[in-house]
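Remarks on the overall topology
Each chain is listed here by its residues.
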Amino acid sequence: MPSSPISPCPSCPPHAAGGHGCAVYSSSVTDAEWAILEPLLPAPGSTAGRGGRPEKHCRRVIVDAILYIVRGGIAWRQLPVEFPPAGTVYAVFARWARSGAWQRILDALRDRLRVRAGRDRCPTAAIIDSQTVPAADTVPRSSRGWDGGKRTNGVKRHIAVDVNGLLLAVVVTAASIQDRDAAHRLLAALRGSFSTIRLVWADGGYPGRLLIWAKDVLTLTMQIIKRIPGATGFHVRPRIWVVERSFAWINKHRRCVRDYETRPDHHEAMVHLAMITTMTRRLART
């Protein structure tokens, strides 16, 4: 991925003394995007009452390095030399994933986009679907499986989005897990985060007792949108096309086209980051 000329980094304290700059790639955040993201990042440990040394590296460069991985799909150890050490960048990514920071940033950005679109901050309906992703050899066998229908060995990511296609929840499982079984985890996570949701649309892969369980246990009404009988090839289905478009947004980021993560929660964090990038750029344009 080509780089543009070195430009000043306003969030880098060393830059004020001169002789310091941060390389900007097409995946790097702009000034407008950084103004949106920076207030949402976790507070540094040295300023949160826990002691410790001040952070050594510029936070904007750390975020740029993580987004470079997500957008380019490269290995952590192949980060360009102008970024901080790969071990440092990965440690920050993993720490913020473990603390739920990426999920909180995603929620804040989605709320802003919904309000800007004239909708209530809390959604009342969701759309769910799944996508099978092949796994690299770095993924342990315990977290991947064989999807016979797709003839793919890897994982499935199950997502819930609002009517605008903005991510609400994601669950990553082995590809051998049936959609209706993984949907229990997805719907439970969705209901736990959004008590306002009452209606969920899904395709024909979620039939049977799941609908009864969702209604009796979670007080959710599920509507199944099936394919047109006798239709061949691709055709647009109401509501389902929204979640399919969300998968297309996610797959623009090469790290999400294939599963390279050794932990399912890190794959979920990569999906969060793909949507964070999409939503941040949409907000920055206005």
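The text that follows walks through the structure, step by step, so that each part is easy to find. (Residues numbered from 1 in each chain as written. Predicted model: local features only at pLDDT ≥ 70, side-chain atom pairs only at ≥ 80, totals over all residues. Heavy atoms only, no water.)

Some remarks on the packing of helix 2 (residues 59-72) against helix 3 (residues 86-98)
- One can describe the packing of helix 2 onto helix 3 by two numbers: an axis separation of 10 Å at closest approach and a directional angle of 85°. As far as their axial angle goes, helix 3 and helix 2 are roughly perpendicular. Contact residues: helix 2 offers Arg59, Ile62, Val63, Ala65 and Ile66, while helix 3 offers Thr88, Val89, Val92, Phe93 and Trp96.
- In the contact of helix 2 with helix 3, the residues fall into 8 nonpolar, 1 polar and 1 charged. (Axes fitted to C-alpha atoms, helices over the stretch in contact; angles between N-to-C directions. Helix = DSSP H or I, 4+ residues; strand = E, 2+ residues; numbered from the N terminus. Parallel < 35°, antiparallel > 145°, perpendicular 65-115°, else oblique. Contact = heavy atoms within 4.5 Å. Nonpolar A, V, L, I, M, F, W, Y, C, P; charged D, E, K, R; others polar.)

A closer look at the pairing of strand 3 (residues 125-134)
- When you tally the buried positions in strand 3, you get 9 out of 10 residues, the bulk of the element.
- Of the strand pairs in this sheet, strand 3 and strand 5 (residues 152-161) are connected by 8 bridges, and their pairing is antiparallel. Directly across from Pro134, in strand 5, lies its bridge partner Gly154. (Buried < 20%, exposed > 50% of the residue type's maximum accessible area, 1.4 Å probe, protein only. Pairing = 2+ DSSP bridges.)

Observations regarding the environment of His235
- With respect to the helices, strands and loops of the structure, His235 is situated in the loop between strand 8 (221-225) and helix 7 (240-251).
- Assessed through its relative accessible area of 15%, His235 is described here as buried.
- Leaving out residues up to four positions away in the same chain, His235 has contacts with Arg227 and Ile228.

Observations regarding empty space enclosed by the protein
- Counted under the stated rule, the structure contains 4 cavities of 30 Å³ or more.
- Taken as a whole, the largest cavity encloses approximately 60 Å³ of empty space.
- Taken together, Ser27, Ser28, Val29, Glu33, Leu37, Leu67, Ile276, Thr277, Thr280 and Arg281 make up the lining of the largest cavity.
- Listing elements by their share of the lining of the largest cavity, those giving two or more residues are helix 1 (31-37) and helix 8 (264-284).
- In terms of residues, the lining of the largest cavity owes the most to one element, helix 8, which gives 4 residues.
- When its residues are assigned to classes, the lining of the largest cavity shows 4 nonpolar, 4 polar and 2 charged. (1 Å grid on protein atoms, 1.4 Å probe; cavity = no way out; pocket = protein on both sides within 12 Å on 5 of 7 lines; lining within 4 Å. Points joined across faces, edges and corners; volume = space filled by probe spheres on them.)

A short note on the side chain of Glu33
- For Glu33, the position within the fold is in helix 1.
- Glu33 sits in the buried class, given a relative accessible area of 8%.
- Separated by 3.1 Å, the side chain of Glu33 and the backbone nitrogen of Thr30 make a polar contact.
- If we ignore the near neighbours within four places in the chain, the residues touching Glu33 are Ser28, Thr280, Arg281 and Ala284. (Polar contact = N/O pair within 3.5 Å; in protein donor to acceptor, adjacent residues only side chain to side chain.)

A word on the side chain of His253
- Residue placement: His253 occurs in the loop between helix 7 and helix 8.
- Apart from the residues within four sequence positions on either side, His253 is in contact with Val70, Arg71, Ala274, Thr277 and Thr278.

Focus on the pairing of strand 6 (residues 167-174)
- Of all 8 residues that make up strand 6, 8 are buried, and the element is covered over most of its length.
- Note that strand 5 and strand 6 share 7 bridges and pair antiparallel. Directly across from Ala160, in strand 6, lies its bridge partner Ala169.
- The loop that links strand 5 with its antiparallel partner strand 6 comprises 5 residues; one of these, Gly165, has a positive phi angle of about 90°.

Details of the packing of helix 5 (residues 179-193) against helix 6 (residues 209-217)
- With their axes 10 Å apart at the nearest point, helix 5 and helix 6 run at an angle of 15° to one another. If you check the angle between helix 5 and helix 6, you find them roughly parallel. As helix 5 runs across helix 6, the sense of the crossing is right-handed. Contacts from Arg180, Ala183, His184 and Leu187 in helix 5 reach Leu210, Trp213 and Ala214 in helix 6.
- Considering only residue class, the contact of helix 5 with helix 6 consists of 5 nonpolar, 1 polar and 1 charged. (Left-handed = near helix turned anticlockwise from the far one by under 90°.)

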